[in-house]
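# What the coordinates show
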Amino acid sequence: MTSGHPLPQDREPTLTIAEVAERTGLSHDTLRYYEKAGLIERVGRTTGNQRRYDAADLAWLEFLLRLRETGMPIAGMQRYAQLRAQGDVSVADRLAMLREHRAELADRIRALRRNARALDDKIVHYERLLATLHERPGTEDRT
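Given the structure is predicted, the values throughout are model-derived calculations rather than measurements. (Residues numbered from 1 in each chain as written. Predicted model: local features only at pLDDT ≥ 70, side-chain atom pairs only at ≥ 80, totals over all residues. Heavy atoms only, no water.)

### Looking at the overall build of the protein
Basically, it comes down to this: Strands are runs of DSSP state E lasting at least 2 residues, helices are runs of H or I lasting at least 4, and numbering of each runs from the N terminus. The contact rule is simple, with two residues in contact once any of their heavy atoms fall within 4.5 Å. Using a 1.4 Å probe, the Shrake-Rupley method yields the accessible areas, and only the shown protein chains count as cover for residues.
In terms of helices and strands, the protein carries five helices and two strands. Of the regular secondary structure in the protein, the N- to C-terminal order runs α-α-β-β-α-α-α. Of all intrachain contacts in the protein linking residues separated by at least 6 positions in sequence, the fraction that spans at least 24 positions is 54%. Here the protein displays about 9800 Å² of accessible surface, and carbon together with sulfur accounts for 52% of that area.

Written out as structure tokens, the structure is:
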């Protein structure tokens, strides 16, 4: 992550907040919120105080999006970001946190699959019922 100080001239190419928003699908406001909430460290700035994100910032944001998409609450993402900021000393804690989240995700996936099967069964039921109704007008289903 960048330090929040003006970027040296020889630094890798950087992205504006608009470019990062376009690449990640996050709004400008969400990017600013993530910074304020401690999910991302204060990003680099130009001499004109415009945010500039580097490749490491973008990679971290993409990982945060994965955490969000898998249902990790903001508080969990903040905790993970705090651990990450501690460096190698927190690797075991981060691993434990990710393992726990992965187990919760696996439980949700199993539940979603059960729910999808129930929907599939109901769809088949209605498809059969429609076929029967076309054969026998006046029959109703109250399921």
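Now, onward.
### Structural notes on the nonpolar core
Condition: Joining through side-chain atoms within 4.5 Å is the link that ties buried Ala, Val, Leu, Ile, Met, Phe, Trp, Tyr and Cys residues into a set, and such a set is a nonpolar core. Each residue is placed in one exposure class: buried if its accessible area under a 1.4 Å probe, protein chains only, is under 20% of its type's maximum, exposed if it is over 50%, and partly exposed if it falls in between.
Formed by 24 residues in total, the largest nonpolar core has its most connected members in Leu31, Tyr34, Ile40, Tyr53, Leu61 and Leu64. Mapped by element, the contributors of at least two residues to this core are helix H1 (17-24), helix H2 (28-36), helix H3 (55-69) and helix H4 (74-85). Top element by residues in this core is H3. It accounts for six residues. In contact with tyrosine 53, not counting residues within four places along its chain, are Thr14, Leu15, Thr16, Ile17, Val20, Leu31, Glu35, Ile40, Val43 and Leu61.

### Description of the packing of aromatic side chains
A ring pair, where both rings are aromatic, is described by two values, the distance of the centres and the angle of the planes. Spelled out, the test is: Ring geometry is summarised as follows: Phe, Tyr and Trp rings, the Trp one being its six-membered ring, pair when their centres sit within 6.5 Å, and such pairs are stacked at plane angles under 30 degrees, edge-to-face over 60 and tilted between the two. Only Lys NZ and Arg CZ are tested; either one counts as a charge over a ring when it is within 6 Å of the ring centre and within 35 degrees of the ring normal.
According to the stated counting rule, one finds four aromatic pairs in the structure shown. Judged by centre distance (6.0 Å) and plane angle (15°), the rings of tryptophan 60 and tyrosine 80 are stacked. In this pair, tryptophan 60 is assigned in helix H3 and tyrosine 80 in helix H4, connecting sequence segments 20 residues apart. According to the relative accessible area criterion, tyrosine 80 is buried, its value standing at 8%. Ring geometry for phenylalanine 63 versus tyrosine 80: centroids 5.7 Å apart, planes at 45°, classification tilted. One end of the pair, phenylalanine 63, is in helix H3; the other, tyrosine 80, is in helix H4, and 17 residues separate them in sequence. With a relative accessible area of 29%, phenylalanine 63 lands in the partly exposed category. Here the guanidinium or amino end of arginine 84 rests over the ring plane of tryptophan 60, the centre of that ring lying 3.9 Å away.

### Some thoughts on the side chain of arginine 52
Short version of the rule: Positive charges are assigned to Lys and Arg, negative charges to Asp and Glu, while His and the chain termini are left out of the count. Salt bridge, as applied in this entry: a Lys or Arg side-chain nitrogen positioned within 4 Å of an Asp or Glu carboxyl oxygen.
Following the sequence through the fold, arginine 52 ends up in strand E2 (residues 51-52). Of the side chains with opposite charge, glutamate 19 lies nearest to the buried arginine 52, which makes no salt bridge, at 5.2 Å.

### Some words on the pattern of salt bridges
Summed over the entire model, instances satisfying the criterion amount to five salt bridges. Residue glutamate 35 pairs with arginine 45 through a salt bridge whose shortest N-O separation is 3.6 Å. Of this pair, glutamate 35 sits in helix H2 while arginine 45 is found in strand E1 (residues 44-45), placing the two residues ten residues apart along the sequence. In this structure glutamate 35 comes out as buried when scored by relative accessible area, which is 11%. Classification of arginine 45 as buried rests on a relative accessible area of 8%.

### Focus on the confidence of the model for the protein
Which entries qualify depends on this criterion: In predicted models, pLDDT denotes the confidence assigned by the predictor to each residue on a 0 to 100 scale.
Looking at the protein, pLDDT values average 89 and 86% of them are 70 or higher. Within the model, the stretch residues 1-10 combines pLDDT values under 50 with 27 contacts to residues more than four positions away or in other chains.

### Here's the deal with H2
The condition is simple: Here, the arc refers to the directions that run from the helix axis to the C-beta atoms.
Along H2, the residues classified as buried are Leu31, Tyr34 and Glu35. Down the axis of H2, the buried side of the element spans an arc of 100°, and every buried residue falls inside it. What points out from H2, more than 90 degrees from its buried face, is the exposed set Asp29 and Lys36. Turning to H2, the residues buried within the fold contact H1, E1, E2, H3 and H4.

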